[in-house]
Protein chains: 2
Amino acid sequence: MLVSIHARPTLEDVAARAGVSRATASRVLNASPRVSPEALEAVNAAVLALGYQPNRAARALVTRRTGAVAVVFSEPEPKIFDDPHFARLIRAGARALADVDVQMVLMLVHSPDDQARAHRFLAGGHVDGALVFAPHRNDELVSIVKKLPLPVVYAGKPWGSLRGMHLVDNDNEGGAVLATEHLKSLGRKKIVHVAGPADELSAIDRLNGFKSALGLDDKGAAKVTEDGGFTREGGRKAMAALLAKVPSLDAVFVASDLMAAGALETLQEAGKRVPEDVAVVGFDDHATIAEHTSPPLTSVRQDSDEQVKHMVEHLMKLLRDETVKTKKQMLPTVLVRRESA
Amino acid sequence: MLVSIHARPTLEDVAARAGVSRATASRVLNASPRVSPEALEAVNAAVLALGYQPNRAARALVTRRTGAVAVVFSEPEPKIFDDPHFARLIRAGARALADVDVQMVLMLVHSPDDQARAHRFLAGGHVDGALVFAPHRNDELVSIVKKLPLPVVYAGKPWGSLRGMHLVDNDNEGGAVLATEHLKSLGRKKIVHVAGPADELSAIDRLNGFKSALGLDDKGAAKVTEDGGFTREGGRKAMAALLAKVPSLDAVFVASDLMAAGALETLQEAGKRVPEDVAVVGFDDHATIAEHTSPPLTSVRQDSDEQVKHMVEHLMKLLRDETVKTKKQMLPTVLVRRESA
DNA sequence: CTCCTCGATGAAAACCTTTGAGTCGCCGGT
DNA sequence: ACCGGCGACTCAAAGGTTTTCATCGAGGAG
């Protein structure tokens, strides 16, 4: 049977070759139970022989499903995308979505223009759902997305009411407690904190963990904390400020590895030995940072790959209309000991 | 006219409201010239009033175009994705593609499994074309993709025959010449080179530029060159090796900013002052690296955003079946002077 | 006044799949 | 022998858009 020169085979072709109707062939492909074993085998053989691949557009048209989901990063400050964390999240997203055979539409939202575009796109029915990364305070994108009749899973807690929202968060607070307790267990008496920006909830949660582990109130915490803005440079400066503020410090919990790298540099310049004079614990356990600082960084691991995987799973459940038991998931964090503490 | 509760408006609805036929409405949307001004205006008004957005699936079905292109990163070593360069390319791709309203399907290819998946996907007609980043030697993905009847634009020169391929490359060799000439013009006599891995053409081109600027042959070059593998750690080690090999060196051209950051650390530890004792020039002009080393790094700028933008433009031309004059584009590089040289 | 041309428009086919309704044959029960 | 029921299957409609072809009307040439 000579098939046409180059055209891709259609379901009709498969059905013809298998000696069944289009409908039956379709049922085989969609794993419907109402198919006889013979038909099933014949169709599968035909699919294989012809190298058939369903036409996504046709399928999308009738099912009213696009087979695509948006992955949205909302980030007023484009620079932070040079953060290696970002690359990791994207990689994890690409992988997890490819595994379930759905297309990933990446959207980076910086400006109000981008927001409008994202709004149009998400409202336009071009995707079945969305994964949203919007860590910042009062991010308008979140209010926009919230109003859309679109299944959405957030990474971490977006600012504002969480009513009815689905999200997968890391246990930032628990991780911070872990880190601080560890420093205490080393016998450190004067523990300080380089915090992340006050407009990100993950930073706030980490700060809260630090406070609760030490039994500090807001005022007490303010005396031993500096904002490092989640950047290397910020970590450097915050550490310097802390050295000035608390000369007797003997340990520091830094809210991100990137900042910790900066902090280590400052400590080194100040002639402090790590961990002898000052013990340092970071957060993220970022492979290419934590393992390559000197000394290698003790850090709280939050598994971004795992987080994204859970987000995807959760979203798929929503798309399948399964009733999800827990709307919010919290992923555990663990302390990874290296040499800095 | 009460419209249905929630269903998205269709072209039929638009046509009805504008008092024309579906066909005419379609012509307006596709900017066909054969439309009267009145019809045009009426349809546009209806589109606006209804918030109409074309159904991508339906359109894809009939035009046999998906409105999506794949962006493929082939990279045996997943770690390199922590390279900030990668994040930049992705960002640029997302932006450039969104600008022309096509969806970006991101594919990260690490393993042979991934290759097979990519093959299936690209052959499956799920995208109209592809942007391929495959810098490494003998990357099998390239041979796979080459056989596909799919418009593809490569980033840089993939290894192997370039016959009939479309690509947008940076002028690596020219940039290297620029860097080396600059060091010469500073009166430096003993200039060495920290190279990228020998299985990436961009690294080889930079090495070649270095060689030709100094008039070195292979043997001569080998004496003053070390491979830094495009990593920070590699740059550190390569610099140390060079210091041992060529104690009298007074300048170094490093083939990437990340390696240059490492090299600077080594120089500092060796007690060399930069630029007084040793002048350093990097490559990439990566914002978050070059500006934050101490001293700030003189570097060759290659504009990744520009490169990706050109790739997208080129691909769009291919998709429109325009005959493209030049299959290969070369983007200029410029030297950005800071304090390290 | 008629014929022709040409531009604008409408009707309908085509794209490929899913799915609800209907058909067919067969078995067991009466 | 008939009927009901059931499992496996086929038919055909539906989904929203583009595009070809035909139609219609107006305006110019003869």
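This text goes with the structure placed above it.
Along each chain, numbering runs from 1 in the same order as the chain's sequence is written. Chains and ligands are labelled sequentially in the order written, the chains with letters from A and the ligands with numbers from 1. It should be noted that, the model being predicted, local features are given only for residues of pLDDT at least 70 and side-chain atom pairs only at 80 or more, the latter also being counted only at that level, while totals for whole chains, interfaces and linings use all residues. For side-chain calculations, the full set of non-hydrogen atoms in the structure is used, while hydrogens and water are omitted.

Student: I'm lost on the relation of the copies chain B and chain A in this one. Help?
Tutor: Two copies of a chain can be linked by a rotation about an axis combined with a shift along that same axis. Least squares is the method for superposing the copies, and the C-alpha atoms it fits come from residues with pLDDT of at least 70 in both. Placing chain B over chain A gives an RMSD of 0.1 Å and needs a rotation angle of 180°, together with 0.0 Å of translation along the axis. The superposition of one copy onto the other is thereby described by a two-fold rotation axis. Taking the C-alpha atom as reference, chain B places B:Ala57 closest to the rotation axis, 2.3 Å from it. Contacts are residue-level and defined by heavy atoms, with any inter-residue pair within 4.5 Å sufficient. In this assembly, 100% of the residues forming the interface of chain B have copies in chain A that are likewise at the interface, indicating an isologous arrangement.

Student: So what exactly am I meant to see when it comes to the protein's contact with DNA strand D here?
Tutor: Neighbouring DNA strand D are 29 residues, the closest being A:Thr24, A:Arg27, A:Ser36, B:Leu11 and B:Tyr52. A single heavy atom is enough: if one lies within 4 Å of a molecule or strand, its residue is considered near that molecule or strand. The sugar-phosphate share of atoms of DNA strand D within 4 Å of the protein amounts to 59%. In DSSP terms, a helix is any run of H or I states spanning at least four residues, a strand is any run of E spanning at least two, and both are numbered starting from the N terminus. Secondary structure elements with two or more residues in the surface near DNA strand D: α2 (22–29) and α4 (56–63) of chain A together with α2 (22–29) and α4 (56–63) of chain B. Per-element accounting of the surface near DNA strand D gives the leading share, five residues, to α4(B).

Student: In this structure, what is going on with the protein's contact with DNA strand C? I would like to understand it.
Tutor: Around DNA strand C, 27 residues are found, and the nearest of them are A:Leu11, A:Tyr52, A:Arg59, B:Ser21 and B:Ser36. Restricting attention to atoms of DNA strand C within 4 Å of the protein, one finds that 62% of them are sugar or phosphate atoms. Contributions of two or more residues to the surface near DNA strand C are made by α2 and α4 of chain A together with α2 and α4 of chain B. Taken together, the residues that form the surface near DNA strand C break down as 12 nonpolar, eight polar and seven charged. Note that Gly is not counted as nonpolar here; it falls among the polar residues with everything else outside the nonpolar set of Ala, Val, Leu, Ile, Met, Phe, Trp, Tyr, Cys and Pro and the charged set of Asp, Glu, Lys and Arg.

Student: Would you mind showing me how to read the interface of chain B and chain A here?
Tutor: For an interface, size is often stated in terms of accessible area lost upon the parts coming together. If you look at the interface, chain B gives 42 residues, while chain A gives 42 residues. Buried area counts how much accessible surface, traced with a 1.4 Å probe, disappears from two parts once they are put together, with both parts' losses summed. Buried area between chain B and chain A, both sides added, is near 3,500 Å², and the carbon and sulfur share of it is 53%. The salt bridge criterion pairs a side-chain nitrogen of Lys or Arg with a carboxyl oxygen of Asp or Glu, the two atoms within 4 Å. At the boundary of chain B and chain A, one finds four salt bridges. In the analysis that follows, any N or O atom pair within 3.5 Å is treated as a polar contact, provided that within protein one partner can donate a hydrogen and the other can accept it, and provided that, for residues neighboring in sequence, both atoms belong to side chains. For the pair chain B and chain A, the interface holds 12 residue pairs in polar contact (both at pLDDT 80 or more).

Student: Mind showing me how you'd approach the packing of helix α11 (residues 232–245) of chain A against helix α12 (residues 257–269) of chain A here?
Tutor: Helices that pack against each other are described as a pair by the angle of their axes relative to one another and the distance between those axes. Residues and elements named next belong to chain A. Throughout, an axis means a line fitted to C-alpha atoms (over the contacting stretch in the case of helices), and angles, computed between N-to-C directions, take values from 0 to 180 degrees. At a closest axis distance of 7 Å, the pairing of α11 and α12 adopts a crossing angle of 45°. Between α11 and α12, the angle falls in the class oblique. Considering only the axes of α11 and α12, their crossing is right-handed. Contacts between α11 and α12 involve Arg 232, Gly 235, Arg 236, Met 239, Ala 240 and Leu 243 on the former and, on the latter, Leu 258, Met 259, Ala 261, Gly 262, Ala 263, Glu 265, Thr 266 and Leu 267. Within the contact of α11 with α12, the residues separate by chemical class into eight nonpolar, three polar and three charged. Each angle is binned into one of four classes, with values under 35 degrees roughly parallel, values over 145 roughly antiparallel, values of 65 to 115 roughly perpendicular, and all other values oblique. Here a crossing is taken to be left-handed if its near helix is turned anticlockwise relative to the far helix by less than a right angle, and right-handed if that turn runs clockwise.

Student: Looking at this structure, how should I read the sheet that holds strand β6 (residues 191–195) of chain A?
Tutor: Backbone-to-backbone hydrogen bonds join strands into a sheet, with any given pair of strands oriented parallel or antiparallel. Residues and elements named next belong to chain A. We call two strands paired when DSSP finds no fewer than two bridges between them. Strand order in the open sheet made by the six strands is β7-β6-β8-β9-β10-β12, with mixed pairing throughout. Only two strands of the sheet have a single partner each, and these edge strands are β7 (225–227) and β12 (334–336). Direction aside, the axes of adjacent strands within the sheet are offset by 20° on average. Where strand β10 (residues 298–301) lies against β12, three bridges are found, and the strand directions are antiparallel. Its bridge partner being in β12, Arg 301 is matched across the sheet by Val 334. Along the sheet face, α12 touches β6, β8 (251–254), β9 (279–284) and β10 and points at about 160° away from the line of β9.

Student: Before we go on, may I ask you to explain unusual backbone geometry in this structure?
Tutor: Most peptide bonds take the trans configuration, and most residues that are not glycine carry a negative phi. Here the amide bond leading from A:Val274 into A:Pro275 is cis, since omega sits at 10°, within 30 degrees of zero. Tracing the backbone through its elements, the reader meets A:Pro275 in the loop between α12 and β9. Residues B:Ser294 and B:Pro295 are joined by a peptide bond in cis, for which omega reads -5°. Among the secondary structure elements, B:Pro295 is positioned in the loop between α13 (287–290) and β10 (298–301). Its identity as a non-glycine residue notwithstanding, A:Asn138 has a phi of 50°, on the positive side. Structurally, the position occupied by A:Asn138 is in the loop between β3 (129–133) and α7 (140–147). Judged by relative accessible area, which is 61%, A:Asn138 ranks as exposed. Burial here depends on accessible area, computed with a 1.4 Å probe over protein chains only, as a share of the maximum for the residue type. Under 20% is buried, over 50% is exposed, and the range in between is partly exposed.

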